[in-house]
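These are the residues of each chain, in order.
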Amino acid sequence: METIWLKNPLAVYTGTNEDARGGIVISGTTIIELVALGCEPKNKINVVVDASQHVVTPGLINAHHHFYQTLTRAYPDALNKELFHWLKTLYPVWSGLDEEMMSFATEVALVEMMMSGCTTASDHHYLIPTGLENAIDLQVEAANKLGIRAIFTRGSMSLGEDDGGLPPRNTIQTEQTIVDDSHRLIREYHQREDGAMIQIALAPCSPFSVTTELMKETARIAKNEDVMVHTHLCETIDEEDFCLQRFGLRPVDYLEDVGWLNHRTWLAHGIHFNDEEIKRLGKAQIGISHCPTSNMMLASGICRNNELEAAGVKVGLGVDGSASNDGSNMIGEVRMALYLQRLRYGSANVSHFDALRWATQGSAQAMGRQDIGTLAVGKQADIAMFKLDEIRFSGSHDPLAALILCGAHQADKVMIAGKWRVSDGQVIGLDLEQLLYKHRNAAKRLAEKALAMR
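Conventions and cut-offs
- Residues numbered from 1 in each chain as written.
- Predicted model: local features only at pLDDT ≥ 70, side-chain atom pairs only at ≥ 80, totals over all residues.
- Heavy atoms only, no water.
- UniProt positions renumbered as here; feature names shortened; annotations may be inferred.
- Helix = DSSP H or I, 4+ residues; strand = E, 2+ residues; numbered from the N terminus.
- Rg over C-alpha atoms; globule rule 2.2 N^0.38 Å.
- Contact = heavy atoms within 4.5 Å.
- Areas by Shrake-Rupley, 256 points an atom, 1.4 Å probe, with all protein chains shown as cover.
- Lys, Arg positive; Asp, Glu negative; His and termini not counted.
- Charge placed at Lys NZ, Arg CZ, Asp CG, Glu CD.
- Salt bridge = Lys/Arg side-chain N within 4 Å of Asp/Glu carboxyl O.
- Buried < 20%, exposed > 50% of the residue type's maximum accessible area, 1.4 Å probe, protein only.
- Pairing = 2+ DSSP bridges.
- Axes fitted to C-alpha atoms, helices over the stretch in contact; angles between N-to-C directions.
- Core = buried A, V, L, I, M, F, W, Y, C linked by side-chain atoms within 4.5 Å.

- By the naming in an unreviewed UniProt entry, the protein chain is Hydroxydechloroatrazine ethylaminohydrolase, taken from Photobacterium profundum 3TCK.
- Of the protein chain, the UniProt comment under Sequence similarities (unreviewed entry) reads exactly: "Belongs to the metallo-dependent hydrolases superfamily. ATZ/TRZ family."

So, in structure tokens, the structure goes:
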């Protein structure tokens, strides 16, 4: 088995207190040694990779996304709107999704993230119109093709607008269909061992798009199958108002009422919690995916990361959908998280180390993973390597700080489970030009379908 030494990095962030300034040693899929500054590996080395021009970090981990939305970036009718109105504009467009569109959208989202240093990508796919019943199967196929680690959340919508929900009827499914498919996907794809490449979680879209019965049944399935659950919560004040009007409960009370207030749950956004709710979330060991760019674009608010972490909540980072972020760039999201959180807490109380922690160990823990997220012996060899040779870095002095502050946007090398998947900034073995041609045509066709349906 080949043993690789990433030798003498320009800078390294391990996410721990271990000294890895002399490099990292990988064998198979795992890290077997951290080399201190000025030392040589204790293990026999087969391959030496000169990392002296690279800033090395754990592979970035995306805790929330909607891959299909890469087809509707900067969509004219959805510009300059906040969440509910934005959704009502785009749901009819998204209802035209077909298998080909889904495949290309998924692949583009995964490739874009890999090129930005992401090694584990989570997707929340809840929109399954007639004809797209195997959406998650298509996503698994794309992830396996690219060799990226993925956590696919089987989303669902069962409460249509004619029943008081938000989505149109042609985008929802029956609850029995959702339950049956949830069991099928767990059975066929969910890997439980350390180093799992594909995992399945269950993810009703939000309190305003599924029934209380489905939320409760999802919690029961997750407990019996020992899988994670995920949903949007407390993204906007509108959502809070909806929960109070429909259920007579604030969102966190509703979450507890349906059996979700436990360690198997991670939530997207988590902006509008009060102090008492934050304490309860921490006690329950809830995870939160902070989505800074999306929250700014839709003017939703600012997640209370520092209070959440202090209470024991596991805070991670997600790019959210490419129609509310208009990008799938994880290293770019780290910078946005740093600056948005400084706007709330001040420069002295949020550092680039905090932002990197959210994007690595934080996301891993939020989604129930202990085998990824740090550079440590026994962890999976998921590693991102960035060069600082672009004009944006010229004149910088602290390489690790420069990676974030100067705005890195692309990794030079990415290793996933001990295998190189990105080299010289490009996904190995991928014809990117051909993929983008197909993706653009799919986006154009989706827009034309929406126009014809008006």
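Digging into the overall build of the protein chain
- Of the regular secondary structure elements, the protein chain holds 14 helices and 18 strands.
- Computed over the C-alpha atoms, the radius of gyration of the protein chain is 21 Å, within 12% of the 22 Å expected from 2.2 N^0.38 for a compact globule of 454 residues.
- Based on the C-alpha atoms only, the size of the protein chain along its principal axes is roughly 65 × 50 × 45 Å.
- In the protein chain, the proportion of contacts linking residues at least 24 apart, taken out of those at least 6 apart, comes to 75%.
- For the protein chain, the computed accessible surface area is about 17,300 Å², with 48% contributed by carbon and sulfur atoms.
- Positive and negative side-chain charges of the protein chain, numbering 42 and 57 respectively, have mean locations separated by a distance of 2 Å.

So, the pattern of salt bridges
- In the structure shown here, the tally under the stated rule is 23 salt bridges.
- R149 serves as the salt-bridge partner of D382, at 2.8 Å between the closest nitrogen and oxygen. With D382 in the loop between helix 12 (352-366) and strand 15 (383-387) and R149 in strand 9 (residues 149-156), the pair connects residues that are 233 residues apart, well separated along the chain.
- The buried category is assigned to D382, whose relative accessible area is 4%.
- A relative accessible area of 0% means that R149 is categorised as buried.

Digging into the sheet that holds strand 3 (residues 23-27)
- One open sheet holds the four strands; their spatial order is 4-3-1-5, and the pairing between them is mixed. The two strands at the open ends of the sheet, each matched to only one other strand, are strand 4 (30-35) and strand 5 (47-50). Across the sheet, the axes of successive neighbouring strands diverge by a mean angle of 20 degrees, strand direction being ignored.
- Of the pairings in the sheet, the one linking strand 1 (residues 3-7) to strand 5 comprises four bridges and is parallel in character. If you follow I4 over to strand 5, its bridge partner there is V47.

Some points on the nonpolar core
- Judged by nonpolar contacts, the single largest core of 120 residues is most densely connected at W94 and F273.
- Sorting elements by how many residues they give to this core places helix 2 (residues 99-115) first, with 11 residues.
- By size, the runner-up hydrophobic cluster in this structure holds 16 residues, among which are I4, V12, L375 and M385.

Concerning the UniProt feature "domain: Amidohydrolase-related" (unreviewed entry) in the protein chain
- With numbering matched to this structure, UniProt assigns "domain: Amidohydrolase-related" (unreviewed entry) to residues 55-420.
- Across residues 55-420, the secondary structure splits into 40% helix and 16% strand, with the terminal C-alpha atoms separated by 16 Å.

Here's the deal with the sheet that holds strand 16 (residues 413-416)
- Taken together, six strands build an open sheet; the order of strands is 2-6-15-16-17-18 and the sheet is mixed. The open sheet has two free edges, formed respectively by strand 2 (11-12) and strand 18 (426-427), since each of these has just one partner strand.
- Note that strand 17 (residues 419-423) and strand 18 share two bridges and pair antiparallel. Following the sheet pairing, S423 is matched in strand 18 by Q426.

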